[in-house]
Amino acid sequence: MAPGEKQPSTILIVDDDPSALLVSTKPLRDAGYTVLQAPGSAEALRLYAEHPGPIHLVLADVFLPPPGFQLSVAKNPYPRVNGLDMVERLLQDKREIRVLLMSSSPGSELQNRGLARAGLPFLKKPFTSETLLSLVREVLAGPPATPDQKNATRPGNGDVEWVD
């Protein structure tokens, strides 16, 4: 990289659907972003903690796979939780990060289930590459996300709703 040249933003995509990962990853890589992938919250939390550089944006599906067997959500640093709970855990880390949630479920349904949060951008699946790129640019240009103060105790409380 030449002196003064800006390093591309790193985006972590979290989705258990391989086709959704591909549809999200290809246009972002083609646009010059560095893209990391995780098929679930446990893998994403671990990757986020262990990645040597900054992760600028997390693009996460709201509905992620439930745990197979998990002793304790509270004591496990990399639990299987839904996308919103995973994001709240990441935001507790105090690093600057931008967040974009996605789902094929309507926003009103997510709101009714307590799986949406005001102030976090939302991308409805299916989406076009143009819509994805436009929203990613917009979110990256905006301020970082902040933890949800109303639900500061939410991560790890064990009250996770799993939907297939």
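Here's what I pulled together on the structure shown here. In this text, all values refer to a predicted model and were calculated from it rather than measured experimentally.

**What about the overall build of the protein chain?**
Of the regular secondary structure elements, the protein chain holds five helices and five strands. Every one of the 164 residues in the protein chain was classed for burial, and the buried ones make up 44%. Of the accessible surface of the protein chain, which amounts to about 8,700 Å², a share of 53% is contributed by carbon and sulfur atoms.

**Some details on the packing of helix α2 (residues 41-50) against helix α3 (residues 83-91)**
Close contact between α2 and α3 brings their axes to 10 Å; oriented N to C, the two are set at 15°. As the angle between them shows, α2 and α3 are arranged roughly parallel. Of the two elements, α2 crosses α3, and the hand of that crossing is right-handed. Note on element contacts: α3 touches α2 through M86, R89 and L90, opposite S41, A44, L45 and Y48.

**Quick notes on the side chain of N82**
Here N82 is to be found in the loop between β3 (57-61) and α3. Given a relative accessible area of 2%, N82 falls into the buried group.

**Description of the pattern of salt bridges**
Throughout the structure, instances matching the rule amount to four salt bridges. Among the salt bridges present, the one from D30 reaches K26, with a minimum N-O distance of 2.8 Å. With D30 and K26 both in helix α1 (residues 18-30) and four residues apart, the pair spans about one turn of that helix. Judged by relative accessible area, which is 57%, D30 ranks as exposed.

The rules we used
- Residues numbered from 1 in each chain as written.
- Predicted model: local features only at pLDDT ≥ 70, side-chain atom pairs only at ≥ 80, totals over all residues.
- Heavy atoms only, no water.
- Helix = DSSP H or I, 4+ residues; strand = E, 2+ residues; numbered from the N terminus.
- Buried < 20%, exposed > 50% of the residue type's maximum accessible area, 1.4 Å probe, protein only.
- Areas by Shrake-Rupley, 256 points an atom, 1.4 Å probe, with all protein chains shown as cover.
- Axes fitted to C-alpha atoms, helices over the stretch in contact; angles between N-to-C directions.
- Parallel < 35°, antiparallel > 145°, perpendicular 65-115°, else oblique.
- Left-handed = near helix turned anticlockwise from the far one by under 90°.
- Contact = heavy atoms within 4.5 Å.
- Salt bridge = Lys/Arg side-chain N within 4 Å of Asp/Glu carboxyl O.

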